[in-house]
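One letter stands for each residue in the lines below.
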Amino acid sequence: KSIFPLIRSAIPDARLIVVGHAPPDEVRMLASSEAVIVTGAVANPVPYYQRSRVCVVPLRAGGGTRLKILEAMAFGRPVVTTSIGCEGLDVVDGEHLLIGDTAEAFAENVISLLRHPELSERMAGSARRLVEKSYDWSVIAPKLLQVYRAVATQLPHSAHPSL
């Protein structure tokens with residue numbers, strides 16, 4: 001309600017596609033002809049990432065992992081989010097993604113990426129390299145196994161007889 005109108009005033013043909021499982025009614029009500037599309041759950045999000053020019057995560061509250069941001073970055077898509085949206089990720093504003101904590105700053109970041117393909121490509125490339133270096137399963141899995149082994153050695157023998 002507060003960000004997309006600012007984007008549309010600068011880029012009248014901008015479209016917003018909201019993809020995700022069980023969007024709340026307040027999000028569904030935002031859907032309008034071609035400007036805002038709310039898909040709900042999709043069998044495969046890949047085509048949506050592939051055809052997006054910018055991925056937005058305007059999170060104002062919440063917790064958990066930031067998989068949508070990592071997915072977008074892995075697909076080589078530039079991301080605009082809030083400080084809360086990228087909490088816990090080893091990202092740098094202006095290098096891996098853009099952070100906007102007000103509606104105006106958020107919209108300006110999206111507009112910037114849409115208007116400047118070279119910025120968009122540079123940021124997407126940097127983000128993709130970060131995901132490959134720090135968040136790929138080939139990097140994460142050995143660390144996770146190390147944690148599991150450390151926890152397993154602390155358990156009483158009867159808790160893990162097969163180890």
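Below or above, wherever it landed, is the structure these notes cover. (Residues numbered from 1 in each chain as written. Predicted model: local features only at pLDDT ≥ 70, side-chain atom pairs only at ≥ 80, totals over all residues. Heavy atoms only, no water.)

## As for the nonpolar core
Most often, soluble globular proteins have nonpolar side chains that are buried together.
For step 1, the next point in the chain: Within the largest apolar cluster, 20 residues are counted, with the highest numbers of intra-cluster contacts made by Ile3, Phe4, Ile7, Val80, Val110, Leu113 and Leu114.
For step 2, the next point in the chain: If you list the elements that add at least two residues to this core, you get helix 1 (4-10), strand 2 (36-40), helix 5 (103-115) and helix 6 (117-135).
For step 3, the next point in the chain: The element that contributes the greatest number of residues to this core is helix 5, accounting for 7 residues.
For step 4, the next point in the chain: The residues touching leucine 113, leaving out its near neighbours within four places in the chain, are Val54, Pro78, Val80, Leu98, Leu119 and Ser120.
For step 5, the next point in the chain: With 15 residues, the next largest nonpolar core counts Cys55, Met73, Leu89 and Leu97 among its residues. (Core = buried A, V, L, I, M, F, W, Y, C linked by side-chain atoms within 4.5 Å. Buried < 20%, exposed > 50% of the residue type's maximum accessible area, 1.4 Å probe, protein only. Helix = DSSP H or I, 4+ residues; strand = E, 2+ residues; numbered from the N terminus. Contact = heavy atoms within 4.5 Å.)

## Description of the sheet that holds strand 4 (residues 79-81)
For step 1, the next point in the chain: Read from one edge of the open sheet, 3 strands run 3-4-5, paired in parallel fashion. At either end of the open sheet lies a strand with only one pairing partner, and these are strand 3 (55-57) and strand 5 (98-99).
For step 2, the next point in the chain: With 3 bridges connecting them, strand 3 and strand 4 associate as parallel partners. Looking at strand 4, one finds that valine 57 is bridged to threonine 81.
For step 3, the next point in the chain: The strands that helix 4 (residues 67-74) touches are strand 3 and strand 4; relative to strand 4, the one it contacts most, it runs at about 160 degrees.
For step 4, the next point in the chain: In this fold helix 5 packs onto strand 3, strand 4 and strand 5, with an angle of close to 175 degrees to the strand it touches most, strand 4. (Pairing = 2+ DSSP bridges. Axes fitted to C-alpha atoms, helices over the stretch in contact; angles between N-to-C directions.)

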